[in-house]
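Here are the chains, one letter per residue:
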Amino acid sequence: MTLEQLVEQIKIKKAVLCVGLDTDLDKIPRHLLEDEDPIFAFNKAIIDATHQYAVAYKPNTAFYEAYGLKGWESLEKTINYLNSEYPECFTIADAKRGDIGNTSSRYARAFFEDLGFDSVTVAPYMGKDSVEPFLAFAEKFTIMLALTSNPGAFDFQTQKIEAEELYKRVLKISKTWEHSERLMYVVGATKAEYLAEIRQIIPEAFLLVPGVGAQGGSVDEVFKYGATPDAGLLINSSRGILYASNQKDFAEAAAAEAQKLQSQMAAHIEKLG
Ligand SMILES: O=c1ccn([C@@H]2O[C@H](COP(=O)(O)O)[C@@H](O)[C@H]2O)c(=O)[nH]1
């Protein structure tokens with residue numbers, strides 16, 4: 001998917017909602033456990049129920065890797081379902097990869113070529129050569145961790161090196177890399193007050209913003225400090241949508257939560273531009 005197509009979808013759906021597919025067999029409705037592939041059955045129902053309110057889906061690979069080969073098959077079925085039934089939705093493999101260049105190139109192939117995701121999350125800690133192999137893919141996006149939503153973000157990311165916070169260095173230096181137009185960044189919704197400064201450094205880049213819902217971040221604050229004229233945001237909620245109900249009405253309950261977020265987003269999107 002191109003950036004222009006993503007921006008178009010945001011306008012059509014009046015939403016920047018990303019539904020996080022953190023599918024946990026301990027939390028899904030019990031009746032689905034009788035299905036041959038409960039994870040895929042759950043994901044399919046959630047996607048069918050929420051796609052009109054969402055522009056993106058983000059399976060976090062940990063929730064699939066935890067179930068071994070079967071989990072990886074469920075991930076593959078999920079991305080294939082999204083790509084065939086809802087190609088207008090942007091897809092994110094939340095895998096937080098990154099290694100020496102030779103190894104990163106295999107990760108990039110796995111997520112972009114084999115699985116067919118539009119984007120993958122990458123940790124910047126190993127530097128330019130660990131990210132470059134992801135950036136080499138045209139019409140694919142590399143979403144680099146900048147300022148994450150968890151409390152541990154303050155351990156390293158906000159520490160200063162020569163009077164500048166590490167996450168700001170990550171933003172400034174990565175902007176100079178070849179194909180930096182294929183970069184997006186993760187900034188937690190729980191750190192919305194940092195967004196105004198972040199926008200001074202990267203005024204146009206798309207941000208993946210997890211941390212609304214279960215982690216308590218605010219959609220209004222994220223828009224206030226982080227929106228660009230095109231919105232420039234993908235705001236993720238996983239548990240708040242997926243586990244709105246653990247009964248047979250789980251998909252309807254998920255849709256209601258997604259719709260609530262979408263209407264909050266629509267009010268902001270109408271004022272942009
Ligand atoms: O800074 C980050 C980076 C990634 N995440 C991931 O997003 C979802 C959030 O799930 P919720 O249930 O909506 O809290 C999850 O997959 C995280 O691993 C993040 O939260 N913060």
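Residues numbered from 1 in each chain as written. Predicted model: local features only at pLDDT ≥ 70, side-chain atom pairs only at ≥ 80, totals over all residues.

- If you look the protein up in an unreviewed UniProt entry, it shows as Orotidine 5'-phosphate decarboxylase from Leeuwenhoekiella nanhaiensis.
- The Pathway (unreviewed entry) comment attached to the protein in UniProt states, word for word, "Pyrimidine metabolism; UMP biosynthesis via de novo pathway; UMP from orotate: step 2/2." (UniProt positions renumbered as here; feature names shortened; annotations may be inferred.)

**What to know about the overall build of the protein**
Move 1: In terms of regular secondary structure, the protein is built from 12 helices and 10 strands.
Move 2: For 273 residues, the compact-globule formula gives about 19 Å, and the C-alpha radius of gyration of the protein, at 18 Å, lands near that figure.
Move 3: Across its three principal directions, the C-alpha atoms of the protein cover 55 × 45 × 35 Å.
Move 4: Excluding contacts between residues fewer than 6 apart, the proportion of contacts in the protein whose partners are at least 24 apart in sequence is 71%. (Helix = DSSP H or I, 4+ residues; strand = E, 2+ residues; numbered from the N terminus. Rg over C-alpha atoms; globule rule 2.2 N^0.38 Å. Contact = placed C-beta atoms within 7 Å.)

**Observations concerning the packing of helix H2 (residues 38-50) against helix H12 (residues 250-269)**
Move 1: For the pair H2 and H12, the least separation of the axes is 8 Å and the interaxial angle reads 45°. Relative to H12, H2 is oriented oblique. Taken as a pair, H2 and H12 cross one another with a handedness that is right-handed. Counting all contacts with H2, which are made through Ala 45, Ile 46, Ala 49 and Thr 50, the residues of H12 involved are Ala 251, Glu 252, Ala 254, Ala 255 and Ala 258. (Axes fitted to C-alpha atoms, helices over the stretch in contact; angles between N-to-C directions. Parallel < 35°, antiparallel > 145°, perpendicular 65-115°, else oblique. Left-handed = near helix turned anticlockwise from the far one by under 90°.)

**Describing the site of the ligand**
Move 1: In the vicinity of the ligand lie 19 residues, with Asn 60, Thr 148, Pro 210, Ser 238 and Arg 239 positioned nearest.
Move 2: Per-class residue counts for the shell around the ligand are 3 nonpolar, 13 polar and 3 charged. (Near = placed C-beta within 6 Å. Nonpolar A, V, L, I, M, F, W, Y, C, P; charged D, E, K, R; others polar.)

**Concerning the UniProt feature "active site" (unreviewed entry) in the protein**
Move 1: When the UniProt feature table is mapped onto this chain, "active site" (unreviewed entry) is found at Lys 96.
Move 2: Following the sequence through the fold, Lys 96 ends up in strand S3 (residues 90-97).
Move 3: Classification of Lys 96 as partly exposed rests on a count of 17 C-beta atoms within 10 Å. (Buried ≥ 20, exposed ≤ 12 C-beta atoms within 10 Å, placed from the backbone.)

**Section: the UniProt feature "domain: Orotidine 5'-phosphate decarboxylase" (unreviewed entry) in the protein**
Move 1: Following the UniProt record, one finds the feature "domain: Orotidine 5'-phosphate decarboxylase" (unreviewed entry) at residues 16-254.
Move 2: In the segment residues 16-254, helix accounts for 39% and strand for 19%; the C-alpha atoms at its two ends are 16 Å apart.

**With respect to the packing of H2 against helix H4 (residues 68-85)**
Move 1: For the pair H2 and H4, interaxial distance at closest approach is 9 Å and the crossing angle is 25°. As judged from the angle between their axes, H2 and H4 are roughly parallel. In the packing of H2 onto H4, the handedness of the crossing is right-handed. Two secondary-structure elements touch here, H2 through Ile 39, Phe 40, Asn 43, Lys 44 and Ile 47 and H4 through Gly 71, Ser 74, Lys 77, Thr 78, Tyr 81 and Leu 82.
Move 2: Of the residues assigned to the contact of H2 with H4, the class counts are 5 nonpolar, 4 polar and 2 charged.

**Focus on the pairing of strand S8 (residues 183-187)**
Looking down a regular strand, the side chains alternate between one sheet face and the other.
Move 1: Most of S8 is tucked away, with 5 of its 5 residues classed as buried.
Move 2: Because side chains alternate across S8, one face comprises the buried residues Leu 183, Tyr 185 and Val 187, and the other comprises Met 184 and Val 186, equally buried.

**A word on the sheet that holds strand S2 (residues 56-59)**
Move 1: An order of S1-S2-S3-S4-S5-S8-S9-S10 is seen for the 8 strands of this closed barrel, with the pairing classed as parallel. Strand-to-strand, the axes of this sheet are offset by a mean angle of 30°, without reference to chain direction.
Move 2: Bridge analysis of strand S1 (residues 17-21) against strand S10 (residues 233-237) gives 3 bridges, and the strand direction is parallel. The residue bridging Val 19 from the neighbouring strand is Ser 237, located in S10.
Move 3: Relative to strand S5 (residues 141-147), helix H6 (residues 128-135) is tilted by about 145°, and along the sheet it contacts strand S4 (119-122) and S5.
Move 4: In the packing of H12 onto the sheet, contacts are made with S1 and S10, and the angle to S1 comes to roughly 155°. (Pairing = 2+ DSSP bridges.)

**Observations regarding H12**
Move 1: Taking 1.5 Å per residue, 20 residues should reach 28 Å; H12 reaches 28 Å between its end C-alpha atoms and fits that length.
Move 2: Residues Phe 250, Ala 254, Ala 255, Glu 257, Ala 258, Leu 261, Gln 262, Met 265 and Ile 269 constitute the buried set of H12. Buried residues of H12, seen end-on, are gathered within an arc of 165° and therefore sit on one face of the element. Facing away from the buried surface of H12 by more than 90 degrees, the exposed residues are Ser 263 and Ala 267.
Move 3: In this structure, the buried residues of H12 make contact with helix H1 (3-13), S1, H2, helix H10 (219-226), S10 and helix H11 (239-242). (Expected span 1.5 Å × (residues − 1). Arc of directions from axis to C-beta.)

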